Amino acid sequence: MERITPPLAGGERETLRAYLDYHRATLAWKCEGLTDEELRRASMPPSSLSLLGLVRHMAEVERHWFRRVLGAEELPHLWSDSHDFQAAYDASGSTRAEAFAAWEAEVAHSRRIEAAAQSLDVTAYVPSWKEEASLRLLMLHLIHEYARHNGHADFLREAIDGATGT
């Protein structure tokens, strides 16, 4: 996934799309060159957070907001039979191939759904919020989610091999 700098003077949708893709690419970049074992390495106890767990979680997040909420698809969770978003964090039996295939597939679905939406003002009912939310808000929410977890990814990667950078 190529990491492209978002436009400095783009339109609203173009800018939101670019920032979301920038953060998606940042997560992939933080995982580059690591073995499955390194990607599964947990942070310090009691946390079990790992880079691979973050990739799995973000696959679940993409699936939820774009496919379930915006696309109104009735889909099961990828890694839980009980609708537990936290289950994705347990990457102890996961591989790069499995996690990245799921994440990349969900990102592709998300891009397709976003591109097909007539405008940023399109709304969808968010069950957990019990209100309608616009595509604009959903994209901002995903940008926030990635940015927060990319901060975690910075620390996780540094602990594995000392690599730092934004």
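The rules we used
Residues numbered from 1 in each chain as written. Predicted model: local features only at pLDDT ≥ 70, side-chain atom pairs only at ≥ 80, totals over all residues. Heavy atoms only, no water. Helix = DSSP H or I, 4+ residues; strand = E, 2+ residues; numbered from the N terminus. Expected span 1.5 Å × (residues − 1). Buried < 20%, exposed > 50% of the residue type's maximum accessible area, 1.4 Å probe, protein only. Contact = heavy atoms within 4.5 Å. Phe/Tyr/Trp six-rings, centres within 6.5 Å; stacked < 30°, edge-to-face > 60°. Lys NZ or Arg CZ within 6 Å of the ring centre and 35° of its normal. Axes fitted to C-alpha atoms, helices over the stretch in contact; angles between N-to-C directions. Parallel < 35°, antiparallel > 145°, perpendicular 65-115°, else oblique. Left-handed = near helix turned anticlockwise from the far one by under 90°. Nonpolar A, V, L, I, M, F, W, Y, C, P; charged D, E, K, R; others polar.

A.B. asks: Teacher, can you tell me more about helix α5 (residues 135-161) here?
C.D. replies: Helical periodicity: at 3.6 residues per turn, an α-helix aligns residues three or four positions apart in one direction. Relative to the 39 Å expected for 27 residues at 1.5 Å per residue, α5 spans 38 Å between its end C-alpha atoms, a close match to the ideal helical length. Backbone geometry just after α5 places G162 at a positive phi near 85°.

A.B. asks: Would you explain the environment of E98 in this entry?
C.D. replies: On the secondary structure map, E98 appears in helix α4 (residues 96-116). Classification of E98 as partly exposed rests on a relative accessible area of 30%. Expressed as a C-alpha distance, the spacing of E98 and L52, which sit 46 residues apart in the sequence, is 9.8 Å. Not counting residues up to four positions away in its chain, the partners in contact with E98 are R56 and W79.

A.B. asks: Help me understand the packing of aromatic side chains in this model?
C.D. replies: As enumerated under the stated definition, the model contains two aromatic pairs in all. Consider the rings of W65 and W129, whose centres lie 5.1 Å apart with planes at 40°: the pair is tilted. Residue W65 is located in helix α3 (residues 51-70), and its partner W129 is located in the loop between β1 (123-126) and β2 (131-134); the two are separated by 64 residues in the primary sequence. The partly exposed category is assigned to W129, whose relative accessible area is 35%. With a centroid separation of 5.7 Å and an interplanar angle of 90°, the aromatic rings of F100 and W103 are classed as edge-to-face. Taken together, the residues F100 and W103, both in helix α4 and three residues apart, mark about one turn of the helix. With relative accessibility at 0%, the residue W103 sits in the buried group. The residue whose ring lies beneath R96 is F100, and the NZ or CZ to ring-centre distance is 5.4 Å.

A.B. asks: Please explain the packing of α3 against α4 as it appears in this structure.
C.D. replies: For any two helices packed against each other, one specifies the inter-axial angle together with the distance between the axes. Contact geometry for α3 and α4: axes closest at 8 Å, N-to-C directions at 30°. Classified by the interaxial angle, the pair formed by α3 and α4 is roughly parallel. Once α3 is placed against α4, the crossing between them reads as left-handed. Residue-level inspection shows L52, V55, R56, M58, A59, E62, R63, F66, R67 and L70 of α3 in contact with α4, the latter providing R96, E98, A99, F100, A102, W103, E106, V107, H109, S110, I113 and E114. Taken together, the residues that form the contact of α3 with α4 break down as twelve nonpolar, two polar and eight charged.

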